[in-house]
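Residue-level structure breakdown
Okay, here's what each chain looks like letter by letter:
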Amino acid sequence: MSSVSLLQGRGLPLPGNDIDTDRIIPARFLRCITFEGLGEHVFTDDRAQAAGRHAFDQPQYQGASLLVVNANFGCGSSREHAPQAIARWGIRALIGESFAEIFAGNCLAMGVPCVTAGPEIIQRLQTALETDPTQTLRLDLDHLTLTWGNQQVSVYMAEGPRQMLRAGTWDACGQLVAQTDAIRATAGRLPYLHWGSAAQGSAQSA
Amino acid sequence: MSRGTLFDKVWDLHTVGTLPSGQTQLFIGLHLIHEVTSPQAFAMLRERGLPVLFPERTVATVDHIVPTENQARPFADTLAEDMMRALERNCQDFGVRFYNIGSGNQGIVHVIAPEQGLTQPGMTIACGDSHTSTHGAFGAIAFGIGTSQVRDVLASQTLALDKLKVRRIEVNGNLVPGVYAKDVILHIIRHLGVKGGVGYAYEYAGDTIARLSMESRMTVCNMSIEGGARCGYINPDAVTFAYLQDRDFAPAAGQWEQAVAWWTSMASEPDAVYDDQVSFQAETISPTVTWGITPGQGVGIDETIPHPEALPPDERAIAEEAYHYMDLLPGQKLLGTKVDVCFIGSCTNGRLSDLQEAARIAQGRCVAPGIKAFVVPGSERVKQQAEAEGLHEVFLASGFEWRDPGCSMCLAMNPDKLQGREISASSSNRNFKGRQGSAAGRTLLMSPAMVAAAAIRGAVADVREFL
């Protein structure tokens, strides 16, 4: 697993609050047993309706890798297919006013940072990207700064996720499994794991 | 920072340790899986050569993609059939208990775990589904996770998490007839907003909540996530214990008293400290219907759709988007709005008491001409119990279709979908754009009794006129 601490690339502004995961990837595309190919369906219904005017279709934003959104982005369903679709389209980091909890957790597990900044900064950045889509954004997780043109602003990210990204431990699985003895000790002190069940009448041991 | 709440106690008890990042490694007491969010997780386990650490703590069922009209295998939808086969194989290979169609125990994951007594107070519960918050009705800390986290739970029975803050939401007073748990939660979300709960666990309390049945409590907790709260819970009490007693996985008779004592001890202390507290008065809640494209865009049936200037500034843009998408105008009443499809079911409102309330409204009345109305029980057990009471006959006689259990048109991953710009009266939980299977389809969320009333009127109606 690689460390994620500095992300540079062009930005893609996607204005709007409460953009839910059904819009990011409609449920019919969840009929699959791998995440492959989801990138081409990201925002598919919104894009069809916008008929070429959706930011993900506009030529000036092709190749962008930092997505700039507003409040409560990724609300609704827990489907990891949503951040998978965004990442497979080419996005490496998200900058927004706020993110839904489960969505941000899914992004972290994929090594995709979600950082936040105030509404005024986000709007300023979105406007800047609409005016000049060619400029490079620089997101620095070591110093929690975002730079574009001659501007530098502070961004926020909770310390736990930030450390996991910087240390390259954002895929927590290995770290979690390594604690098997401590996990079994915790299980040992949970009373409900040691009660028999009414139907079976015997102890379901953990 | 909260102290002495059920959330704090359950969190502390399930803490395995602190990870180098500072996050908590939290033990998950019950893991529920289904066909949509688990195949990639099992694939990752195979890639890494990892076993399932506690296979007896994971339970699987199939709900999202199952057809509700013809469940014969193979499914007509080959993609759905592939997902079924993947789940069957994964459960077999990794030794996970699986409630398949026809087992008598299949159903929506958030319906079957409580009805079998798998869901209990004081547990941590995770599932690759955001409506896992439902299980909080029992005083469990239950929340939705993504597929990588499903992998983590399978491999380690733990997750890496940051602790949430706790907001106590009190509801006091008497609900008027025709106002149900669904109206209570739609009312709460409307006032606290769809992002008000981000970073919080919601503790629902107060005498109104205390008088709710377990099934109604599940409806309230189910929609915590629509308010942005990853989990919501209600402290366990005598209602909880009475519901659990004698269920398949409830503690055995010899350990029942010990279990009740422990569950009682896990409830929030009278002097618990909360990060925030709000309260609502039950008498002010009317039958509530959503008019927009977020579950927070709701109004009482007597009210009119709000004008933008009546809304907080950061909600105006999405309100404008909603008027346009829904083809509804501010100042308009929803009462009398023509509907095309009426759907009763889902993890929010697909339980026996939901069907009983809807049947009370349907009894002796007929679905309006041209309306497609259907009832999807939440589980095979709910279906069997409803049929034992003759509810299916009431629905069929009224002109409703009576289906087999599954998630159905809540998210339309199966053949049950809106067509074109159809508008549905739905007892489900999300009115997002395109949610019910048509990119232009429109959803009005309401209680199951209100859906039944809408089916009979052919338009949004006030259920109080039908009581």
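In this text the structure is predicted, and so the values were computed from the model without any measurement. (Residues numbered from 1 in each chain as written. Chains lettered and ligands numbered in written order. Predicted model: local features only at pLDDT ≥ 70, side-chain atom pairs only at ≥ 80, totals over all residues. Heavy atoms only, no water.)

**Here's the deal with the overall build of chain A**
What counts, and what does not: Under the DSSP-based scheme used, a helix requires at least four consecutive residues in state H or I and a strand at least two consecutive residues in state E, with every element numbered from the N terminus. A 1.4 Å probe rolled over the protein chains alone gives each residue an accessible area, and that area as a share of the maximum for its type sets the label: buried under 20%, exposed over 50%, partly exposed in between. In this description, contact between two residues means that some pair of their heavy atoms is separated by no more than 4.5 Å. Each accessible area is a Shrake-Rupley result for a 1.4 Å probe, and residues are judged covered by the shown protein chains and nothing else. Charge assignment: positive for Lys and Arg, negative for Asp and Glu; neither His nor the chain ends contribute. One atom stands in for each charge, and that atom is NZ of Lys, CZ of Arg, CG of Asp or CD of Glu.
Along chain A, the regular secondary structure elements total eight helices and seven strands. Dimensions along the principal axes, computed over C-alpha positions, put chain A at roughly 70 × 40 × 30 Å. Of all 206 residues assigned to chain A, the portion counted as buried reaches 61%. Here the analysis covers contacts within chain A between residues at least 6 apart in sequence; of these, 67% occur between residues at least 24 apart. Accessible surface, chain A as shown: approximately 7700 Å² in total, 48% of it carbon and sulfur. Across chain A, the mean location of the 15 positive side-chain charges is 3 Å away from that of the 19 negative side-chain charges.

**Focus on helix 1 (residues 6-13) of chain B**
Most of helix 1 of chain B sits inside the fold, with six of its eight residues counted as buried. Taken together, the buried positions of helix 1 of chain B are L6, F7, D8, K9, V10 and W11 of chain B.

**Concerning unusual backbone geometry**
Residues other than glycine predominantly adopt negative phi, and peptide bonds predominantly adopt the trans conformation. For the bond from R73 of chain B to P74 of chain B, the omega torsion is -10°, close enough to zero to count as cis. One non-glycine residue, N72 of chain A, adopts positive backbone phi at about 60°. Relative to the elements of secondary structure, N72 of chain A occurs in the loop between strand 2 (66-69) and helix 3 (81-89). Taking the relative accessible area as the measure of exposure, N72 of chain A reaches 1% and is therefore buried.

**Description of the side chain of R23 of chain A**
Quick reminder of the rule: N or O atoms closer than or at 3.5 Å make up a polar contact, with two conditions inside protein: a donor-capable atom paired with an acceptor-capable one, and, for residues adjacent in sequence, both atoms drawn from side chains.
Mapped onto the elements, R23 of chain A comes out in helix 1 (residues 21-24). Judged by relative accessible area, which is 9%, R23 of chain A ranks as buried. Here E321 of chain B takes part through its side chain, which lies 3.2 Å from a polar atom of the side chain of R23 of chain A.

**Points about the packing of aromatic side chains**
Quick note on the threshold: Centres within 6.5 Å make a pair out of two Phe, Tyr or Trp rings, where for Trp the six-membered ring is used; the pair is then stacked when the planes are under 30 degrees apart, edge-to-face when over 60, and tilted otherwise. Our definition puts a charge over a ring when NZ of Lys or CZ of Arg is within 6 Å of the ring centre and also within 35 degrees of the ring normal.
For the coordinates displayed, the defined rule picks out 19 aromatic pairs over all chains. On the basis of an interplanar angle of 10° and a centroid distance of 6.5 Å, the ring pair of F99 of chain A and F103 of chain A is categorised as stacked. The exposure class of F99 of chain A is buried, given its relative accessible area of 7%. Judged by relative accessible area, F103 of chain A falls into the buried class, the value being 2%. An aromatic cluster of at least three residues, connected via ring pairs, comprises Y192 and W195 of chain A together with F241, W256, W262 and W263 of chain B. The lysine or arginine in question, R184 of chain A, covers the ring of F54 of chain B, its NZ or CZ lying 5.3 Å from the ring centre. The cationic tip of R73 of chain B hangs over the ring face of F75 of chain B; the distance from NZ or CZ to the ring centre is 5.4 Å.

**Describing the domain arrangement of chain B**
Residue and element names in this part refer to chain B. For clarity, the threshold we go by: Bear in mind that the domain bounds are from an automatic or database domain assignment. The term buried area denotes the loss of accessible surface (1.4 Å probe radius) that occurs when two parts are joined, taken as the sum for both partners. Just to be clear on terms, a salt bridge is a Lys or Arg side-chain nitrogen sitting within 4 Å of an Asp or Glu carboxyl oxygen. Each residue gets one label: Ala, Val, Leu, Ile, Met, Phe, Trp, Tyr, Cys and Pro are nonpolar, Asp, Glu, Lys and Arg are charged, and the others, such as Gly, are polar.
Domain parsing of chain B yields domain 1 (1-285) and domain 2 (288-466). With 46 residues of domain 1 at the contact, the number on the domain 2 side is 49 residues. For the pairing of domain 1 and domain 2, the buried interface totals around 3800 Å² over both sides, and the portion due to carbon and sulfur atoms is 52%. There are five salt bridges connecting domain 1 and domain 2. When the shortest N-O distance is used, the salt bridge between R430 and E226 registers 2.9 Å. Across the domain 1-domain 2 interface, the total number found is 29 residue pairs in polar contact (both at pLDDT 80 or more). Those elements giving two or more residues to the side of domain 1 that touches domain 2 turn out to be helix 4 (109-115), helix 6 (181-192) and helix 8 (214-222). For the side of domain 1 that touches domain 2, a count of residues per class yields 18 nonpolar, 18 polar and ten charged.

**As for the pattern of salt bridges**
Residues and elements named next belong to chain B. Tallying each qualifying case throughout the model produces 41 salt bridges over all chains. For R73, the salt bridge identified is with E81, shortest N-O distance 2.9 Å. According to the relative accessible area criterion, R73 is partly exposed, its value standing at 35%. Exposure remark for E81: the relative accessible area of 5% places this residue in the buried category. Linking D152 and R151 is a salt bridge whose minimum nitrogen-to-oxygen distance equals 3.0 Å. Across this residue pair, the class does not change: D152 and R151 are buried.

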